Amino acid sequence: MDDNVNDVVVVGGGAAGLSAALVLARARRRVAVVDAGEPRNAPAAHMQGFLSRDGMAPGDLLAAGREEVTRYGGHLVAGRVTGIDPDTDPAFRVRLADGRTLGSRRVLVATGLRDELPDVAGVRERWGRDLLHCPYCHGYEVRDQQLGVLGGDPDSVEHALLVRQWSSDVVYFPHTLELTADQREQLVARAIGVVDGTVRRLVVHDDRLEGVELDDGRIVRRAAVFVRPRMVPNADLLVGLGCATDDHGRVVADASGRTTVPGVWLAGNAGNPRAQVITAAGEGSTAAISVNADLVEEDVLAALRDFRTS
């Protein structure tokens with residue numbers, strides 16, 4: 001095997017990917033992290049709920065992680081992976097958009113997910129600022145304020161009931177969703193206002209959200225609005241490798257992130273859409289330990305072959 005071949009190529013340099021790379025580099029593995037520089041949480045000014053890093057800017061966390069990985073000999077590669085091809089020796093060839101290829105014995109995919117937002121004027125512009133998705137990430141910062149929850153799918157009712165934990169002034173906008181009698185009763189019982197009608201836009205003044213405007217012209221003042229986007233894992237590379245998916249189209253993996261394709265792991269939002277930053281980092285560490293154990297097993301078999309033929 002070529003001495004320049006990586007033990008592991010990690011695709012994605014977010015919390016999951018960097019955490020995995022750190023564990024692998026400390027295990028004295030030759031590891032490369034390929035990252036396109038498009039983190040999901042880039043619009044957010046702060047990262048909450050990460051023990052010892054609460055309130056830290058997401059970019060600062062990633063910068064610290066990159067420094068730690070390189071300190072132990074990990075290699076950072078700026079680029080976008082366009083495909084992963086099975087090979088023989090090494091087991092995989094990772095193709096980059098600029099034509100480069102990286103050989104690797106194992107691959108760990110931590111490419112995250114993309115958020116598909118409702119088609120409402122102002123939503124994308126305010127995303128991650130005062131148009132929010134996770135109350136555990138942002139709820140405390142907007143506690144006791146006038147909050148809204150934008151509907152459109154059945155899960156949004158559950159979202160409104162959750163957001164109510166952070167404020168007594170919550171308004172739910174069903175938008176395009178037809179509420180059932182049970183759903184409406186739950187909202188009323190929790191003192192959540194229900195404003196029927198299709199939402200036209202978010203009202204913004206001086207770069208601050210002021211309210212929600214409906215198609216009939218009504219404006220309901222709100223300081224922040226929560227929405228539950230459709231979370232779509234960036235799993236094309238895994239599917240292209242032949243990894244099995246479940247009924248929801250998500251790649252199947254065991255508790256360590258091992259997929260159905262030998263030598264391929266995943267971690268973070270690529271496999272777990274609801275993983276927060278701290279969860280994704282933990283999943284990266286778990287996957288890395290499993291990957292290293294698999295490599296050790298292969299190394300032992302190779303050593304036995306050499307020993308028996310020497």
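Here, the structure is the one placed above.
**Details of the overall build of the protein chain**
- The helix and strand tally for the protein chain stands at 8 helices and 17 strands.
- For the protein chain, the spread of C-alpha atoms along the three principal axes comes to 80 × 40 × 35 Å.
- Residues counted as buried form 46% of the 310 residues belonging to the protein chain.
- Taking all contacts inside the protein chain whose residues are at least 6 apart in sequence as the whole, residues at least 24 apart take part in 55%.
- On the protein chain, roughly 15700 Å² of surface is accessible, and the fraction owed to carbon and sulfur atoms is 49%.

**A short note on the pattern of salt bridges**
- The full count for this structure, using the stated rule, is 24 salt bridges.
- Between R100 and D98 there is a salt bridge, and its shortest N-O distance comes to 2.7 Å.
- Overall, R100 belongs to the partly exposed group, its relative accessible area being 37%.
- In the salt-bridge network here, residues are joined through shared partners; they are D7, R29, R105, R106, D254, R258, D294, E298 and D299.

**Here's the deal with helix α1 (residues 15-26)**
- Under the 1.5 Å per step criterion, the end-to-end length of α1 is 16 Å for 12 residues, consistent within 8% with the ideal 16 Å.
- Of the residues making up α1, those classed as buried are A15, A16, G17, L18, S19, A20, A21, L24 and A25.
- Looking at the buried side of α1, the elements it contacts are β1 (6-11), β2 (31-35), α2 (58-71), β3 (75-78), β6 (101-109) and α8 (277-309).
- At the C-terminal side of α1, R28 shows a positive phi close to 65 degrees.

**Overview of the sheet that holds strand β13 (residues 208-214)**
- Spatially, 3 strands are ordered β12-β13-β14 in an open sheet, and the strand pairing comes out antiparallel. The sheet is open, and its two edges are formed by β12 (199-205) and β14 (219-221), each paired on a single side. The sheet shows a mean angle of 30 degrees between the axes of neighbouring strands, direction not considered.
- Here 6 bridges tie β12 to β13, and the two strands are oriented antiparallel to one another. Among the inter-strand pairings, R201 is bridged to a residue of β13, identified as E213.

**As for the pairing of strand β9 (residues 147-150)**
- Alternating positions in β9 separate into two faces, L147 and V149 on one and G148 and L150 on the other, with burial throughout.
- Relative to strand β10 (residues 170-173), β9 is paired through 4 bridges, and the arrangement is parallel. Residue V149 lies in a different strand from β10, and its bridge partner there is Y172.
- Running through helix α5 (residues 155-163), the crossover from β9 to the neighbouring parallel element β10 is right-handed.
- With 4 bridges joining them, β9 and strand β15 (residues 224-227) adopt parallel strand pairing. The residue of β15 that forms the bridge with L150 is V227.

**A short note on the environment of L18**
- Counting through the fold element by element, L18 comes out in helix α1.
- Taking the C-alpha atoms as reference, L18 lies 7.5 Å from V33; in sequence the two are 15 residues apart.
- Once you skip the residues sitting within four places of it in the chain, L18 turns out to touch G12, G13, V33, L62, G65, R66, V69 and L76.

**Concerning the nonpolar core**
- Among the nonpolar cores identified, the biggest contains 22 residues, and V81, I84, V94 and L238 are the most heavily contacted of them.
- At the level of secondary structure, the elements contributing two or more residues to this core comprise β1, β2, β4 (81-86), β5 (92-96), β6, α7 (236-240) and β17 (264-266).
- Setting aside chain neighbours within four positions, we find I84 in contact with V11, F92, R93, V94, R95, V107, V109, L237 and L241.

**What to know about unusual backbone geometry**
- With an omega of 15 degrees, the peptide bond between D89 and P90 qualifies as cis.
- Backbone geometry places D144, a non-glycine residue, at a positive phi of 60 degrees.
- Counting through the fold element by element, D144 comes out in the loop between α4 (135-138) and β9.
- Overall, the relative accessible area of 64% leaves D144 in the exposed class.
- The phi torsion at H175 lies on the positive side, around 60 degrees, for a residue other than glycine.
- As for its position among the elements, H175 is in the loop between β10 and α6 (181-189).

Basis of the calculations
Residues numbered from 1 in each chain as written. Predicted model: local features only at pLDDT ≥ 70, side-chain atom pairs only at ≥ 80, totals over all residues. Heavy atoms only, no water. Helix = DSSP H or I, 4+ residues; strand = E, 2+ residues; numbered from the N terminus. Buried < 20%, exposed > 50% of the residue type's maximum accessible area, 1.4 Å probe, protein only. Contact = heavy atoms within 4.5 Å. Areas by Shrake-Rupley, 256 points an atom, 1.4 Å probe, with all protein chains shown as cover. Salt bridge = Lys/Arg side-chain N within 4 Å of Asp/Glu carboxyl O. Expected span 1.5 Å × (residues − 1). Pairing = 2+ DSSP bridges. Axes fitted to C-alpha atoms, helices over the stretch in contact; angles between N-to-C directions. Right-handed = clockwise from strand over helix to strand, strands pointing away. Core = buried A, V, L, I, M, F, W, Y, C linked by side-chain atoms within 4.5 Å.

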